[in-house]
Amino acid sequence: FPLLPEIVCDPLLDYNVWSSLHPINSSGKLDPGQQLILAATRLDSHSFFWNVAPGAEGSVGSFAALLAAAEALQAAPGSRRLPRNVLFAFFQGETFDYIGSSRMVFDMEQEKFPLRLENIGAFLELGQVALRNDSVLWMHTDPVSRRNESVDLQVRALLAALLRSGSGSGVSLREPGFSQPLPPSSFQRFLRSRRIPGVVLSDHRAAFRNRYFQSLYDTAENIGIRYPEGLTPEEQLEFVTDTAKALADVATLLARALFALAGGTEGAESIRADPRTVTRLLYGFLINSNNSWFQSLIKPDLKGILGPSPQHYVAVSSPANTTQLVQLVLANLTGTRVNLSREECQNPGKTPGSQPDLYEYWWVQGPLDPGGNSSSRLPGCVRSGSRLAPALSPAFELRRWDSREYSTWTESRWKDIRARIFLVASRELELLTLALGVLVLLLSLLCTFLINAKAALLFGIPTDPGSAGY
């Protein structure tokens, strides 16, 4: 056997994106008695064809709504003084047996994450929410954990908060029935480790309404995004579609519910998600990520992640473009601009008062300068709590390839396929080659015979003098 065996596959891996309403010390641990609200959704999608995963209804609609809800909650009056914190989590690899959520639960149990499972007081997840009938969202709960009286009471309080928040948001909320199990969701991975009160919001009661789930046809057209003819790409970016308005209503509902669950008592009715933010997110993650808004949000050295055809496949090269863009968008939507130079922003550990354990710092390109030339921008430093956490299945961390608890999805390594083409000669060329070969052979024999016969003359070889007499 070879000493260095050839590696034929790699594990699917990427990073989860998370942030919080109040900053969390990334190098510390929350007190066990301190509880927060976890709002989550998934980032990835896939289809039958490799790296063709538009995921409009499968993932983009939900994480766009959660991003808009995070922005609305951050801007809400009194949000900084809420007694409970809110954690926003965007899980990668959920398509392949919940890689991202499994890893976060594992890290919480192993105390490799700033908080533990007991710190989660309530769980709100956005499933597929872009295809709604009559503006109805269904509130799915877990009937197994609700058999516990204490959990059931907390779930009822959670449902009541959602119903109150739905008033005036443009969204109607319904329950599918107490005995109906949860739909496929990241929340299930948390329930396998701990009974947590939670709700999964989706646009379907039982069967999926998305006919193109995990398909290459789950595109912007599938969720009703339409633009008037004749609009330029910049005008499409700013055009507020009906789909964007509907998802903004979902984001408004979610932001108000999180505000109430975090202890907010007054001012929830003033919270409203911005439809312009949602329509920009949908355009950027479904139509063209190389647009002026995304360009203003990224770091100068990350221009290569912007492309004309966004895809949301988890793959093996990490972090994927979707992961980096979601982190940067979340940082810009929930962070603040700080007055730091480029050097100070890129080296916050050397800047007094920067608190790098609480914040990440990003030197972004900024918007175009209206008073300058067409390419000059107004860069700046953004401070945010947006961070990455590993999204690699714990099976590979534990080296348990036969694990039945955690997924072991891999992707084969791609190799270059090579071939050499040899042209077959024509019949005439073959006969000509044979004839020339025979002729050369005969000429060689003749030349050898003549040279050997005249060797004494040609090379001056002396003749034998015969025997000498004495």
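An unreviewed UniProt entry lists the protein chain under the name Nicastrin, with Struthidea cinerea given as the organism. As recorded by UniProt, the Sequence similarities (unreviewed entry) comment attached to the protein chain reads in full: "Belongs to the nicastrin family."

Draft legend 1. View of the packing of helix 1 (residues 56–75) against helix 6 (residues 242–261). Between helix 1 and helix 6, the least distance of the axes is 8 Å, while the angle of their chain directions is 50°. The angle between helix 1 and helix 6 falls in the class oblique. Both helix 1 and helix 6 take part in a crossing whose hand is right-handed. On the side of helix 1, the interface is formed by Gly61, Ala65, Leu66, Ala68, Ala69, Ala72 and Leu73, while helix 6 contributes Leu247, Val250, Ala251, Leu254, Ala255, Leu258 and Phe259.

Draft legend 2. Region of the structure containing the sheet that holds strand 11 (residues 380–384). Taken together, the three strands give an open sheet; going across it, the order is 9-11-10, and neighbouring strands pair in antiparallel fashion. In this open sheet, the two edge strands, each paired with only one partner strand, are strand 9 (336–338) and strand 10 (360–364). Going from strand to strand, the sheet's axes swing by 40° on average, the running direction of each strand aside. Sheet analysis places strand 10 next to strand 11, joined by five bridges and oriented antiparallel. Residue pairing in the sheet places Tyr361 in a bridge with Arg383 of strand 11. Most of the contacts of helix 9 (residues 321–334) go to strand 11, to which it runs at about 90°, and overall it touches strand 9, strand 10 and strand 11.

Draft legend 3. Region of interest: the pattern of salt bridges. Under the defined criterion, the tally for this structure stands at twelve salt bridges. With a closest N to O distance of 3.5 Å, Glu397 and Arg103 form a salt bridge. Of this pair, Glu397 sits in helix 11 (residues 394–398) while Arg103 sits in helix 2 (residues 99–109); the two residues are 294 residues apart in sequence, bridging distant segments of the chain. Residue Arg103 is classed as buried on the basis of its relative accessible area, which comes to 6%. With a shortest N-O distance of 2.9 Å, Glu360 and Arg387 are connected by a salt bridge. With Glu360 in strand 10 and Arg387 in strand 12 (residues 387–392), this residue pair connects regions lying 27 residues apart in the sequence. Taking the relative accessible area as the measure of exposure, Arg387 reaches 8% and is therefore buried.

Draft legend 4. Spotlight on the UniProt feature "transmembrane region" (unreviewed entry) in the protein chain. Cross-referencing UniProt, the feature "transmembrane region" (unreviewed entry) maps to residues 431–451 in the present numbering. Structurally, residues 431–451 is divided into 100% helix and 0% strand, and its ends, taken at the C-alpha atoms, are 30 Å apart.

Draft legend 5. Quick look at the pairing of strand 4 (residues 85–91). Judged by how many residues are buried, strand 4 sits mostly within the fold: seven of seven residues are covered. By the bridge criterion, four bridges tie strand 2 (residues 13–20) to strand 4 in an arrangement that is antiparallel. Along strand 4, the bridge assignment pairs Val17 with Phe90. In the sheet, strand 3 (residues 36–42) pairs with strand 4 via seven bridges, with the strands oriented parallel. Its bridge partner being in strand 4, Thr41 is matched across the sheet by Phe90.

Thresholds, definitions, all that
Residues numbered from 1 in each chain as written. Predicted model: local features only at pLDDT ≥ 70, side-chain atom pairs only at ≥ 80, totals over all residues. Heavy atoms only, no water. UniProt positions renumbered as here; feature names shortened; annotations may be inferred. Axes fitted to C-alpha atoms, helices over the stretch in contact; angles between N-to-C directions. Helix = DSSP H or I, 4+ residues; strand = E, 2+ residues; numbered from the N terminus. Parallel < 35°, antiparallel > 145°, perpendicular 65-115°, else oblique. Left-handed = near helix turned anticlockwise from the far one by under 90°. Contact = heavy atoms within 4.5 Å. Pairing = 2+ DSSP bridges. Salt bridge = Lys/Arg side-chain N within 4 Å of Asp/Glu carboxyl O. Buried < 20%, exposed > 50% of the residue type's maximum accessible area, 1.4 Å probe, protein only.

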